[in-house]
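Examining the three-dimensional arrangement
Below, each chain spelled out in residue letters.
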Amino acid sequence: MREGAHPGHNAAIPAQETSCEAGQAGKTSSATRPGRDERKSTTREQIIQEPDAFEPEATRRDADVTESSRANRGWWDRNADEYQVEHGTFLGDDRFVWCPEGLDEVEAELLGPAEELKGKEVLEIGAGAAQCSRWLAAQGARPVALDLSHRQLQHALRIGGSFPLVCADAGALPFADASFDLACSAYGALPFVADPRLVLCELRRVLRPGGRFVFSVTHPIRWAFPDEPGPEGLSVSASYFDRTPYVEQGEDGNAVYVEHHRTLGDRVRDIVASGFRLVDLVEPEWPSWNTSEWGGWSPLRGNLIPGTAVFVCERD
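Residues numbered from 1 in each chain as written. Predicted model: local features only at pLDDT ≥ 70, side-chain atom pairs only at ≥ 80, totals over all residues. Heavy atoms only, no water.

Turning to empty space enclosed by the protein, a few remarks are in order. By the definition in use, this model includes two cavities of 30 Å³ or more. Considered as a void within the structure, the largest cavity measures approximately 60 Å³ in volume. Taken together, P191, V217, T218, P220, W223, E259, H260, H261, R262 and R267 make up the lining of the largest cavity. Residue composition of the lining of the largest cavity, by class: four nonpolar, three polar and three charged. (1 Å grid on protein atoms, 1.4 Å probe; cavity = no way out; pocket = protein on both sides within 12 Å on 5 of 7 lines; lining within 4 Å. Points joined across faces, edges and corners; volume = space filled by probe spheres on them. Nonpolar A, V, L, I, M, F, W, Y, C, P; charged D, E, K, R; others polar.)

Here is the structure:
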């Protein structure tokens with residue numbers, strides 16, 4: 001998913017925390033099922049920042065931990081406004097959506113039944129505007145929303161909430177050991193880091209024994225296809241086994257966006273090597289109610305090939 005269909009991501013910047021003011025905004029989504037579009041959304045309020053003025057060069061080349069972190073931090077700070085305007089309605093202000101297919105935690109219960117979330121301390125990695133954390137707080141959980149992008153977290157402040165926001169590196173979490181009962185990441189951090197085991201080991205450290213971590217990423221098979229929503233996105237154009245990162249770079253050759261490919265087997269090995277047990281692997285099917293296109297995601301492709309993989313893990 002090179003278009004950036006993720007509700008927030010993490011990379012290296014100094015940790016800082018901001019408390020939101022209490023209160024939640026409503027939401028509306030033209031792509032949601034009937035009955036979910038009754039409340040007003042604030043995610044399309046006027047935003048000041050302009051999107052990128054230049055067109056970067058897309059290529060496949062190596063990018064290490066430092067370059068990946070620096071590039072993605074800058075990309076999300078520059079593009080947070082445009083992202084929230086374009087995708088804010090679909091994500092809602094207080095929904096927990098795992099992926100462009102629209103898999104909702106209300107039905108999926110991948111973190112457990114909603115009634116069992118009350119009082120649980122939950123870390124959201126790559127929170128963006130903290131939509132998922134806002135939903136968790138409404139269930140009585142005690143979330144902490146972490147993201148690399150200060151600008152994304154400004155959107156979280158704009159929408160509101162009563163939980164902490166932390167701007168920090170997913171590979172160096174600023175929390176004590178065994179601080180959380182649960183952790184989650186909806187397209188955050190893992191697709192963008194050069195060393196996913198570093199992030200997974202940090203998450204294992206801050207989770208309590210038996211704690212669950214659930215994360216969604218672009219389904220690895222998508223890397224073999226062009227990132228296009230139409231028929232051109234249905235023909236294999238690259239090797240699934242080519243793990244060379246996707247990089248967008250400026251005229252000076254410095255990366256401005258990086259995304260890393262791991263095969264399905266790589267993801268499983270990363271999870272196990274980091275001290276987690278894989279409980280489930282969910283490949284959401286495209287639902288009939290979802291008529292939206294989001295980058296390379298579309299009903300056409302979604303009905304034929306998987307677009308998202310959701311990994312449900314538990315700390316041993």
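Applying the stated rule across the entire model yields 15 salt bridges. D104 serves as the salt-bridge partner of R95, at 3.3 Å between the closest nitrogen and oxygen. Judged by relative accessible area, D104 falls into the buried class, the value being 3%. A salt bridge links D266 to R243; the nearest nitrogen and oxygen atoms lie 2.6 Å apart. With D266 in helix α6 (residues 264–273) and R243 in the loop between β7 (207–218) and β8 (246–249), this residue pair connects regions lying 23 residues apart in the sequence. By relative accessible area, R243 is classed as partly exposed at 37%. If you follow the salt bridges from partner to partner, you end up with R212, R277, E314 and D316 in one network. (Salt bridge = Lys/Arg side-chain N within 4 Å of Asp/Glu carboxyl O. Buried < 20%, exposed > 50% of the residue type's maximum accessible area, 1.4 Å probe, protein only. Helix = DSSP H or I, 4+ residues; strand = E, 2+ residues; numbered from the N terminus.)

Attention now goes to the nonpolar core. In terms of nonpolar packing, the biggest core is built from 33 residues, with F96, W98, L111 and L136 touching the most fellow members. The set of elements that each furnish at least two residues to this core consists of α1 (65–91), α3 (131–138), β6 (180–186) and β11 (308–315). Tallying contributions element by element places α1 first for this core, with five residues. Contacts of L136, omitting those with residues within four sequence positions, involve F96, L111, L117, V122, A141, P143 and C184. Membership of the second largest hydrophobic core comes to 27 residues, among which are L146, A168, L173 and F175. (Core = buried A, V, L, I, M, F, W, Y, C linked by side-chain atoms within 4.5 Å. Contact = heavy atoms within 4.5 Å.)

All right, on to the environment of P174 then. Within the fold, P174 resides in the loop between β5 (164–167) and β6. On the basis of relative accessibility, which here comes to 39%, the residue P174 falls in the partly exposed class. In this structure the C-alpha to C-alpha distance between P174 and V206, which are 32 residues apart in sequence, comes to 9.3 Å.

On to unusual backbone geometry. Located in the positive-phi region is A178, a residue other than glycine, with phi close to 55°. Following the sequence through the fold, A178 ends up in the loop between β5 and β6. Unlike most non-glycine residues, A189 shows phi in positive territory, near 65°. Note on placement: A189 falls in the loop between β6 and α5 (196–206).

Another aspect to go through is the side chain of D266. The buried category is assigned to D266, whose relative accessible area is 7%. At 2.6 Å, the side chain of D266 forms a polar contact with the side chain of R243. (Polar contact = N/O pair within 3.5 Å; in protein donor to acceptor, adjacent residues only side chain to side chain.)

Turning our attention to the side chain of H260. On the secondary structure map, H260 appears in the loop between β9 (255–259) and α6. Look at H260 and you get buried, because its relative accessible area is 10%. Setting aside anything within four residues of it in sequence, one finds H260 in contact with A63, S68, P191, F192, V193, A194, W223, P245 and R267.

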